[in-house]
Amino acid sequence: MIEVKGLHKEFDGKQVLSDINIKFSPGECSLIIGASGSGKTVLLKNLVGLYEPDQGDILYDGKIFTKMPLKEKKLFRREMGMLFQESALFDFATVQENVMFPMDFFTDWSFEQKLERVNFCLKRVNLENVNHLYPNQISGGMQKRVGIARAIAMNPKYLFCDEPNSGLDPTTSIVIDRLIQEITKEYQITTVINTHDMNSVMEIGDHIGFIHKGKLVWEGNNKEIMDSDCQPLNDFVFANNLARQLKKNK
Amino acid sequence: MNNLFQITGEYWQLMSRVFRKPEKWSIFRKQFWTESQKLILASLLLLFIVSASIGAVITIQTANNLESPFIPKYYVGVMARETLVLEFCSTMVALILAGKMGSSISSEIGSMRITEQIDAMEIMGVNSANYLILPKICAATIFSPLLMLTSFFIGLLGGGLLVAITGIITLAQYIEGLQFAFREWYIFYSMIKMAVFCFIITSIAAYFGYYAKGGSLGVGRSSTRAIVVTSTLILIFDLILTKLLL
């Protein structure tokens, strides 16, 4: 479980996150939603330690991550996997080398053992026969799947996804969403996803936190979101005519 | 001024992360050889062309300016050798490499920064600065004396070839000049300078790439700044090292 307590973050005197308190449970897809510039990515970067909070704590299964010494934090990060918005696959490496990268660093496995794990992870994300291709030789959807394969290569306890569907067509987006959800439930991972894709919200939103102007203003799930009376959330969720019509018909 | 202090502080902070024990020596060794190929072998063609032509040009210019009958003709060889070893093969070659190597390093690392590849490494628990930068610095610094020697040899060869083709002096006079009053220390002096310059090129370019921000324009800006700062530092250190070593 990940617990965020009283998190504050500001940049150049501008408050970006203010008093964020939220819990993310294992086996659940927790979605952080909000408009662009609301502070979602800053929250995610605080969670993984790329930013230091100005105030507040982040606890991973009771351990205070924010107060860990750098060395311990570095070791702890091996339990994390992250899928980036643009996949962040290494250009200089093939698909196989990308997925093998963390294993090269942190295991003493033989090449055959690593290859077996790579093939397992790639198969898990429904990719085969792409081992020797470079990231620029595969499609955006495939890159996302390789990103997921790399993120789960070391059996992480925590998975973070930053806008996993950005730049993907709706069908591929659903495939990626379902894949993340399956993996989360199968391995009981604590998954936190940053998104503003309403399809993802409705499809996999076991737990949703809505951030508005740096504050967590609503928490619930994909069933409760339709009936919420939180105005900023409704403005965000029902921004288009189709969504408004759906709510009206409901 | 504040900016200068900030850049200096960030640079040393980055270097303190770069000069750590690699996570695995086998990975470092692999990276070291890859970078040696990318930085050193890939620079050889440019080095050959520039050194041979400058060697030839120095020989022509010296021969044209030695009109006094009291100066022996073999002085053309002496002048070519001294110019090449003292300044051209280290300082001028380093300035040329600052453009080639420096922009390549800062744009490579800069693109990795803006496409979040460096963040991906950090989240995995990999010391990205150590993994990406240390092999580059080691490869360039260790092999730089060889670059200097190659440039020197090709420069002399270029001059010799010109002498043989044009006959402005005889080849025997040119070779005699190359051997006349030869000081080995100049070779070591030039090799030391080249090693320092290559350290500056790789570490400064890596610094600007590592802290690149603002998309592809930002990467371009960081490459330009890397080359400007590197070239300035090369000239400053040339002065310091010359004063200290000669």
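Everything below is about the structure shown above.
None of these values were measured; they are calculated from a predicted model.

Enquirer: Which residues make up the interface of chain A and chain B, and what values go with them?
Expert: At the junction of the two partners, chain A supplies 15 residues and chain B supplies 13 residues. Those elements that provide at least two residues to the side of chain A that touches chain B are helix H2 (70-76), strand S6 (80-83) and helix H3 (95-106) of chain A. When residues of the side of chain A that touches chain B are assigned to their parent elements, the largest contribution, three residues, is made by H3 of chain A. When its residues are assigned to classes, the side of chain A that touches chain B shows ten nonpolar, no polar and five charged.

Enquirer: Tell me about the sheet that holds strand S10 (residues 215-220) of chain A, and please be specific about residues and values.
Expert: Residues and elements named next belong to chain A. Taken in spatial order, the six strands make up an open sheet running S6-S7-S8-S3-S9-S10, and their pairing is mixed. Looking at strand neighbours, the two that pair on one side only are S6 and S10, the edges of this open sheet. Shown here is a sheet whose adjacent strand axes are inclined to one another by a mean of 20°, direction ignored. The pairing of S6 with strand S7 (residues 158-162) spans four bridges and is classified as parallel. Directly across from Leu83, in S7, lies its bridge partner Cys161.

Enquirer: Go over the environment of Ile32 of chain A, please, and point to the residues and values.
Expert: Residues and elements named next belong to chain A. Following the sequence through the fold, Ile32 ends up in strand S3 (residues 29-33). Along the chain, Ile32 and Val192 lie 160 residues apart, while their C-alpha atoms are 7.2 Å from each other. Setting aside anything within four residues of it in sequence, one finds Ile32 in contact with Lys40, Leu43, Leu44, Val192, Asn194, Gly209 and Ile211.

Enquirer: Please give an account of the pairing of strand S8 (residues 190-195) of chain A that cites residues and values.
Expert: In regular strands, side chains alternate between the two faces of the sheet. Residues and elements named next belong to chain A. By the criterion of burial, S8 is predominantly enclosed, with six of the six residues buried. Burial along S8 is two-sided: Thr190, Val192 and Asn194 and Thr191, Ile193 and Thr195, pointing in opposite directions, are all buried. One ladder, built from five bridges, connects S3 with S8; its direction is parallel. Note that in S8 the partner of Ser30 across the bridge is Val192.

Enquirer: Describe the packing of helix H1 (residues 2-18) of chain B against helix H6 (residues 128-166) of chain B, listing the residues and the values that go with them.
Expert: Residues and elements named next belong to chain B. Here H1 crosses H6 at 90°, and the two axes come no closer than 8 Å. By the angle class used here, H1 and H6 are roughly perpendicular. Only Ala129, Asn130, Ile133, Leu134 and Ile137 of H6 make contact with H1, whose side of the interface consists of Leu14, Arg17 and Val18. For the contact of H1 with H6, a count of residues per class yields six nonpolar, one polar and one charged.

Enquirer: Pulling in residues and values, what's your account of the sheet that holds strand S5 (residues 63-64) of chain A?
Expert: Residues and elements named next belong to chain A. The four strands lie next to each other as S2-S1-S4-S5, forming an open sheet whose pairing is antiparallel. If you trace the sheet from one side to the other, it starts and ends with strand S2 (14-24) and S5, each paired once. Strand direction decides the pairing type here: strand S4 (residues 55-60) and S5, joined by two bridges, are antiparallel. Paired with Tyr60 across the two strands is Lys63, which belongs to S5.

About the cut-offs
Residues numbered from 1 in each chain as written. Chains lettered and ligands numbered in written order. Predicted model: local features only at pLDDT ≥ 70, side-chain atom pairs only at ≥ 80, totals over all residues. Contact = placed C-beta atoms within 7 Å. Helix = DSSP H or I, 4+ residues; strand = E, 2+ residues; numbered from the N terminus. Nonpolar A, V, L, I, M, F, W, Y, C, P; charged D, E, K, R; others polar. Pairing = 2+ DSSP bridges. Axes fitted to C-alpha atoms, helices over the stretch in contact; angles between N-to-C directions. Buried ≥ 20, exposed ≤ 12 C-beta atoms within 10 Å, placed from the backbone. Parallel < 35°, antiparallel > 145°, perpendicular 65-115°, else oblique.

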